[in-house]
Amino acid sequence: MEILLEAFRSLGKDKLRTFLSMLGIVIGVIAVIVAIAIGAGTTANVTARISSLGSNVIIITPGFTGGFGGRAAVALTSVLQETDVQNIQQMAPDVADVTPILQKSFNVIYQATNTVVTVVGAYPDTFSILDLPLQSGRLLNQNDENSDANVAVIGNTIATTLFGNEDPVGQTVYVSTGSFQVPLTIVGELQQTGSKLTFNPDNMLIIPYTTAAAKLIQLNGGVSQIIASAKSAQTALNAVDEINNILYMRLQNTNQYRVISQNQILSTVSQTTDVLTLLLASIAAISMVVGGIGIMNIMLVSVTERTKEIGVKMAMGATRRRIMVEFLVESMFITIVAGAIGVGLSFLIAAIVTYLASGLGLTVIITWPSIVLSFGVSVAIGLFFGLYPAYLASKKSPVEALRYE
Amino acid sequence: MAALLELKNVKKIYDMGRDIQVEALKGVSFSIEEGSYTAIMGHSGSGKSTLLQIMGCLDRATSGDIIIKGTAVKDMNDFQLAKFRNKTIGFVFQSFNLIGNLTAIENVELPMIYAGVPRAERRKRAMELLKLVGLEEPEERAFHRPNQLSGGQQQRVAIARALANDPAVILADEPTGNLATNQWRRILDIFKRLNESGKTIIIVTHDPLVGQEATRIITLEDGAIIKDERIR
Ligand SMILES: Nc1ncnc2c1ncn2[C@@H]1O[C@H](COP(=O)(O)OP(=O)(O)OP(=O)(O)O)[C@@H](O)[C@H]1O
Ligand SMILES: [Mg+2]
């Protein structure tokens, strides 16, 4: 108790010096906590965005053919077949729905505007599996399929590109294959959805599957992608396994296809952000070590300055252990207070960062482990870097120390 | 009277490195009786302070034996020496050596903290000691820092501190060296009173007037005793 009080007194004597020696630790603690908070915020953001997909969606795409690294999603020489869709439907008990997709890029023309758009042939249930909400008009239905109708639902972004502020519903666009043009009447516009796994509906023109197969994307029974949904989020991983097995039975090569679920992507993303967070936090931790060296420096100066005092205390009967503890308490006092200030200020900094970056969609989430970690590390630094100066103080000879002026 | 402290052929050699050695004490033997008042005198550099430090267990002799209250100092480790100094020896220095961060009364409490005396008891005894050494307005001055006190007041606080754990012996190295005459007188009066009430006192000085206060004068020259006289 007296030791604490004495430490407080001697640190209070030179407030500027004490403050400066705390600064390194304070900054280090803030840096660590805020770095981890930004990491956690980013993970939460990305997770939320991916989760908007619905956790039971599964997408099957052709794999990357060895060494070429081509864009599998637009491969025309498809390895996936309509028979795969039927097999999955019949043989995968945990799959609720499964539907094929035809997909290819075309020039799409409206009046004077001409732009490249991904045209997708899809059955009506695709809209419910992927949860694509309508903004205006209507979705595609079975009648469109039955009649090979030249109709389309347009993604939000591409609608703006082609039509500006005009209402696209009821307008006709032309899809150019190079040799001929196919007119399509826009019957509906989708809301903005953002990316869904390998899919970005905002940039797509979605037409009936049969229309696509008959007039634009002939793959001879092949399909571009297959979209499935698991019966529940819990069985999603089982469903992925079942699909993998079914495809493997036919293709005998896991490189030829990829089965992607949201769970897998989530774990990949969180691994990536974890690594990034760790990197940021380690850089920040270096500043704490630098702060520790600063404290060691101050403590060494302090030990020298107070040599006479040490001598007097020893003459009065202070043991070496007592002298050592006195100095150790001082250095730990510095780092504990600095750690606490750092934790407090990091909330302030986090609030400021959140305020300034609110437009950028940056979220800052301060986590308990980061507080405990950085505070713990600063206490440990006080102990570690205070140990040597305290040891030197305790090893002084009483006579030499008393003679010191 | 019983010997409180006994020195047998004590030598102290300071090793200055590069084979240079200073022989500060060249085989000193004497004993100090309990309740005595001894002055150690001699010219500058004669080894007075060295002798006092060795008697006070602040430093170890190069050879020879020191026996205090029947205990051989040689056999004690650093921890035991610290505890021994704390309980048995009270130091008074020429330059007072109060701790600047602490108030007068806290300085007096310091040896009691090391001895583990409970807080309330410590306070009470420290205040009594400050009154004993005649600190003016003790209730107020006790809470002043050393730099707010005069030299004479500081030295009286230092004496109170030396008395804190009721030590067997007070060792004072030129306690009046830094003081004006009137203050100097008061300090010597305190020592005299303490000795009259039974405290053993050893005082180092080169001032004959101070030496006359004692009942015995040991004179050192060049690290050896050249005279040991009882004057009362
Ligand atoms: N730590 C030391 N290292 C080396 N030599 C020392 C040390 N302390 C004292 N000496 C030497 O030992 C001798 C005796 O010194 P000491 O301090 O005991 O003398 P003193 O009688 O107290 O002198 P003064 O009256 O000036 O205080 C001197 O020659 C001094 O230079
Ligand atoms: Mg001296």
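Residues numbered from 1 in each chain as written. Chains lettered and ligands numbered in written order. Predicted model: local features only at pLDDT ≥ 70, side-chain atom pairs only at ≥ 80, totals over all residues. Heavy atoms only, no water.

## A look at the nonpolar core
Soluble globular proteins: nonpolar side chains tend toward being buried together.
Here's step 1: Core analysis: the biggest nonpolar cluster contains 71 residues, and Leu51, Met55 and Ile202 of chain B have the highest contact counts within it.
Here's step 2: Considering each element in turn, this core owes the most residues, nine residues, to helix H2 (residues 15–51) of chain A.
Here's step 3: Look past the residues within four positions of Met55 of chain B in its chain and what remains in contact with it is Leu5, Leu7, Phe30, Ile40, Ile68, Ile89, Leu171 and Ile202 of chain B.
Here's step 4: Listed in part, the 45 residues of the second largest apolar core include Phe106, Val119, Val175 and Ile217 of chain A. (Core = buried A, V, L, I, M, F, W, Y, C linked by side-chain atoms within 4.5 Å. Buried < 20%, exposed > 50% of the residue type's maximum accessible area, 1.4 Å probe, protein only. Helix = DSSP H or I, 4+ residues; strand = E, 2+ residues; numbered from the N terminus. Contact = heavy atoms within 4.5 Å.)

## Digging into the confidence of the model for chain B
Here's step 1: Looking at chain B as a whole, its pLDDT mean stands at 92, while 100% of the residues score no less than 70.
Here's step 2: Taken together, the chains of this predicted complex give a pTM of 0.73 and an interface ipTM of 0.95. (pLDDT = per-residue confidence, 0-100.)

## Side note on the site of ligand 1
Here's step 1: Neighbouring ligand 1 are 14 residues, the closest being Ser44, Gly45, Lys48, Ser49 and Thr50 of chain B.
Here's step 2: Around ligand 1, the neighbouring residues derive from chains A and B rather than from a single chain.
Here's step 3: The separation between an oxygen atom of ligand 1 and a polar side-chain atom of Ser44 of chain B is 2.5 Å.
Here's step 4: Ser46 of chain B places a polar main-chain atom, nitrogen or oxygen, 3.3 Å from an oxygen atom of ligand 1.
Here's step 5: For ligand 1, the protein covers 72% of the area, taking 620 Å² as the surface of the free molecule.
Here's step 6: In a pocket analysis with a 2 Å cut-off to the grid points, ligand 1 is assigned to the largest pocket.
Here's step 7: Elements that contribute at least two residues to the shell around ligand 1 include exactly helix H13 (398–403) of chain A together with strand E2 (21–33) and helix H1 (48–55) of chain B.
Here's step 8: It is H1 of chain B that contributes the most residues to the shell around ligand 1, three residues altogether.
Here's step 9: Among the residues making up the shell around ligand 1, the classes are represented as four nonpolar, seven polar and three charged. (Near = heavy atom within 4 Å. Polar contact = N/O pair within 3.5 Å; in protein donor to acceptor, adjacent residues only side chain to side chain. Areas by Shrake-Rupley, 256 points an atom, 1.4 Å probe, with all protein chains shown as cover. 1 Å grid on protein atoms, 1.4 Å probe; cavity = no way out; pocket = protein on both sides within 12 Å on 5 of 7 lines; lining within 4 Å. Sits in = over half its atoms within 2 Å of the grid points. Nonpolar A, V, L, I, M, F, W, Y, C, P; charged D, E, K, R; others polar.)

## Side note on the sheet that holds E2 of chain B
Sheet strands associate in pairs through backbone hydrogen bonding, adopting either a parallel or an antiparallel arrangement.
All names here are of chain B.
Here's step 1: One open sheet holds the four strands; their spatial order is E2-E1-E4-E5, and the pairing between them is antiparallel. The open sheet terminates on both sides in strands that have one partner only, identified here as E2 and strand E5 (71–72).
Here's step 2: As paired elements, strand E4 (residues 63–68) and E5 share two bridges and run antiparallel to each other. Pairing of Ile67 across the sheet is with Ala72, part of E5.
Here's step 3: In this fold H1 packs onto strand E1 (3–15), E2 and E4, with an angle of close to 125 degrees to the strand it touches most, E1. (Pairing = 2+ DSSP bridges. Axes fitted to C-alpha atoms, helices over the stretch in contact; angles between N-to-C directions.)

## Some words on the interface of chain B and chain A
Here's step 1: Chain B puts 25 residues into the contact, and the matching count from chain A is 22 residues.
Here's step 2: Approximately 2,200 Å² of surface area, both sides summed, lies buried where chain B meets chain A, with 61% of it carried by carbon and sulfur atoms.
Here's step 3: Considering only the surface of chain B that becomes buried against chain A, Leu58, Asn101 and Tyr114 of chain B emerge as the three largest contributors, covering 29% of it.
Here's step 4: At the surface where chain B touches chain A, the tally comes to one salt bridge.
Here's step 5: The residue Arg320 of chain A makes a salt bridge to Asp78 of chain B at a minimum N-O spacing of 2.9 Å.
Here's step 6: Per element, the largest residue contribution to the side of chain B that touches chain A is six residues, and it comes from helix H2 (residues 78–88) of chain B.
Here's step 7: Class assignment of the residues belonging to the side of chain B that touches chain A gives a composition of eleven nonpolar, five polar and nine charged. (Buried area = accessible area lost by both parts, 1.4 Å probe. Salt bridge = Lys/Arg side-chain N within 4 Å of Asp/Glu carboxyl O.)

## Some remarks on unusual backbone geometry
Here's step 1: You will see that Asp148 of chain A, though not glycine, has its phi angle at about 50 degrees, which is positive.
Here's step 2: Within the secondary structure, Asp148 of chain A is located in the loop between helix H5 (142–146) and strand E5 (151–154).
Here's step 3: Note on Asp148 of chain A: relative accessible area 28%, which makes it partly exposed.
Here's step 4: Phi is positive for Cys57 of chain B, close to 60 degrees, though the residue is something other than glycine.
Here's step 5: Cys57 of chain B gets classed as buried once you look at its relative accessible area, which sits at 1%.

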